[in-house]
Amino acid sequence: MSDKNLHSDTQLAFRISQNDVAAFEQLFFEMYAGMCFLANRLIKQEEMAKDIVADVFLKFWEKKESLQEVNNVKAFLYVAIRNRCLDYLKKVKHEASIEPAGFNEDWQVSGSEYFLQAIYDAETIRQLYKAIESLPAECKKVVELGLEGFSTNEIAEKLGISASAVSNQKSRAVKLLKEQLPAALIFLLFAQW
């Protein structure tokens, strides 16, 4: 991690500890997608993953006064997600006397390697969503609908524009995202279209 990122994380933690709602909102919007991806990867239950992420953010805000001691906010949040997911899986296993879906061999055999890969994937998703957020409104809407699985014609119908206009917005999005993301990630993003 660069000194710039460490400095900004430290500043962000300090601002949140000082009751700065805007700083908290910035952190939430930057981290939410990646944290949901990580939690869902760990417990394999999308709605519960969202609940866990919301709970972690709520507890983070409630204990904001102690954040001045946190040097890496993102790492802190990822570890909090992991711990909350493990607690959830243990509770489900205990209550049901069966192994829940998230209790798989990846967790049991190589938990730290699996978690590190999951964090890497979550950070990739976070970077992707951050880049998509920076797109002009028309491009952003086309990309979001494409990620939801809509075809070019369906996007055109939903937005009330022509299919060629949708294709032009996709091309524009690719050009703009190439400036922010590695080519392999852009290929994966648009391969499904």
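Residues numbered from 1 in each chain as written. Predicted model: local features only at pLDDT ≥ 70, side-chain atom pairs only at ≥ 80, totals over all residues. Heavy atoms only, no water.

Asks: Looking at this structure, how should I read the confidence of the model for the protein?
Replies: Detailed conclusions should not be drawn from predicted coordinates in areas where pLDDT is low. Per-residue pLDDT for the protein has a mean of 81; in total, 82% of the residues score no lower than 70. Note that residues 1-7 has pLDDT below 50 and, in this model, four contacts with residues that lie over four places away or in other chains. Within the model, pLDDT remains below 50 along residues 105-110, and this stretch shows 10 contacts once partners closer than five positions in the same chain are excluded. (pLDDT = per-residue confidence, 0-100. Contact = heavy atoms within 4.5 Å.)

Asks: I'm lost on the pattern of salt bridges in this one. Help?
Replies: For side chains of opposite charge, pairing can occur when their charged atoms come near one another. The tally for this structure, following the rule as stated, stands at nine salt bridges. Two residues, Lys74 and Glu30, come together in a salt bridge whose shortest N-O distance is 3.3 Å. In this pair, Lys74 is assigned in helix α4 (residues 73-96) and Glu30 in helix α2 (residues 21-43), connecting sequence segments 44 residues apart. Residues Lys74 and Glu30 agree in their burial class; the two are buried. (Salt bridge = Lys/Arg side-chain N within 4 Å of Asp/Glu carboxyl O. Helix = DSSP H or I, 4+ residues; strand = E, 2+ residues; numbered from the N terminus. Buried < 20%, exposed > 50% of the residue type's maximum accessible area, 1.4 Å probe, protein only.)

Asks: Is there a simple way to think about the nonpolar core in this case?
Replies: Across soluble globular proteins, nonpolar side chains show a tendency to be buried alongside one another. Of all hydrophobic cores here, the largest spans 34 residues; its most connected members are Ile16, Leu27, Met35, Leu38, Leu77 and Ile81. Residue assignment for this core shows that the elements contributing at least two residues are α1 (3-17), α2, α3 (46-62), α4 and α5 (105-133). Per-element tally for this core: the top contributor is α2, with 10 residues. Residues contacting Leu27, with those up to four places away along its chain left out, are Leu12, Ile16, Phe57, Phe60, Val73 and Leu77. Ala131, Leu135, Cys139 and Val143 belong to the second largest nonpolar core, which has nine residues in total. (Core = buried A, V, L, I, M, F, W, Y, C linked by side-chain atoms within 4.5 Å.)

Asks: Please clarify how the packing of helix α6 (residues 137-147) against helix α8 (residues 163-178) should be interpreted in this entry.
Replies: The description of two packed helices rests on the angle between their axes and on the distance between the axes. Closest axis-to-axis distance for the α6/α8 pair is 9 Å, and the angle between their directions is 100 degrees. Viewed along their axes, α6 and α8 adopt a mutual orientation that is roughly perpendicular. Where α6 abuts α8, its residues Glu138, Cys139, Val142 and Val143 lie against Val166, Gln169, Lys170, Arg172 and Ala173. Taken together, the residues of the contact of α6 with α8 break down into five nonpolar, one polar and three charged. (Axes fitted to C-alpha atoms, helices over the stretch in contact; angles between N-to-C directions. Parallel < 35°, antiparallel > 145°, perpendicular 65-115°, else oblique. Nonpolar A, V, L, I, M, F, W, Y, C, P; charged D, E, K, R; others polar.)

Asks: Hey, could you run me through the packing of aromatic side chains in this one?
Replies: Given two aromatic rings, their pairing is described by the distance between the two centres and the angle made by the two planes. Inspection of the entire model under this criterion finds seven aromatic pairs. On the basis of an interplanar angle of 85 degrees and a centroid distance of 5.9 Å, the ring pair of Phe24 and Phe57 is categorised as edge-to-face. Placement of Phe24 in helix α2 and of Phe57 in helix α3 is noted, with a sequence separation of 33 residues between them. Here Phe57 falls in the buried class, since its relative accessible area comes to 3%. Aromatic side chains Phe60 and Phe76 sit 5.8 Å apart centroid to centroid with 50 degrees between the ring planes, which places their arrangement in the tilted category. Of this pair, Phe60 sits in helix α3 while Phe76 sits in helix α4; the two residues are 16 residues apart in sequence, bridging distant segments of the chain. Assessed through its relative accessible area of 4%, Phe60 is described here as buried. (Phe/Tyr/Trp six-rings, centres within 6.5 Å; stacked < 30°, edge-to-face > 60°.)

Asks: How do you make sense of the packing of α2 against α3 when you look at a structure like this?
Replies: One can describe the packing of α2 onto α3 by two numbers: an axis separation of 8 Å at closest approach and a directional angle of 145 degrees. Note on packing geometry: the crossing formed by α2 with α3 is right-handed. On α3, the residues that touch Val21, Phe24, Leu27, Phe28, Met31, Tyr32, Met35, Cys36, Ala39, Asn40 and Ile43 of α2 are Glu46, Met48, Ala49, Lys50, Ile52, Val53, Val56, Phe57, Phe60 and Trp61. Among the residues forming the contact of α2 with α3, the class breakdown is 18 nonpolar, one polar and two charged. (Left-handed = near helix turned anticlockwise from the far one by under 90°.)

Asks: Whenever I open this one, unusual backbone geometry confuses me. Can you help?
Replies: Excluding glycine, residues mostly carry a negative phi; peptide bonds, for their part, are mostly trans. Residue Asn19 is not a glycine yet carries a positive backbone phi of 75 degrees. Structurally, Asn19 is set in the loop between α1 and α2. Judged by relative accessible area, Asn19 falls into the partly exposed class, the value being 47%. With phi around 60 degrees, Lys44 is a residue other than glycine that occupies positive phi space. Tracing the sequence through the fold places Lys44 in the loop between α2 and α3. We classify Lys44 as partly exposed; its relative accessible area is 41%.

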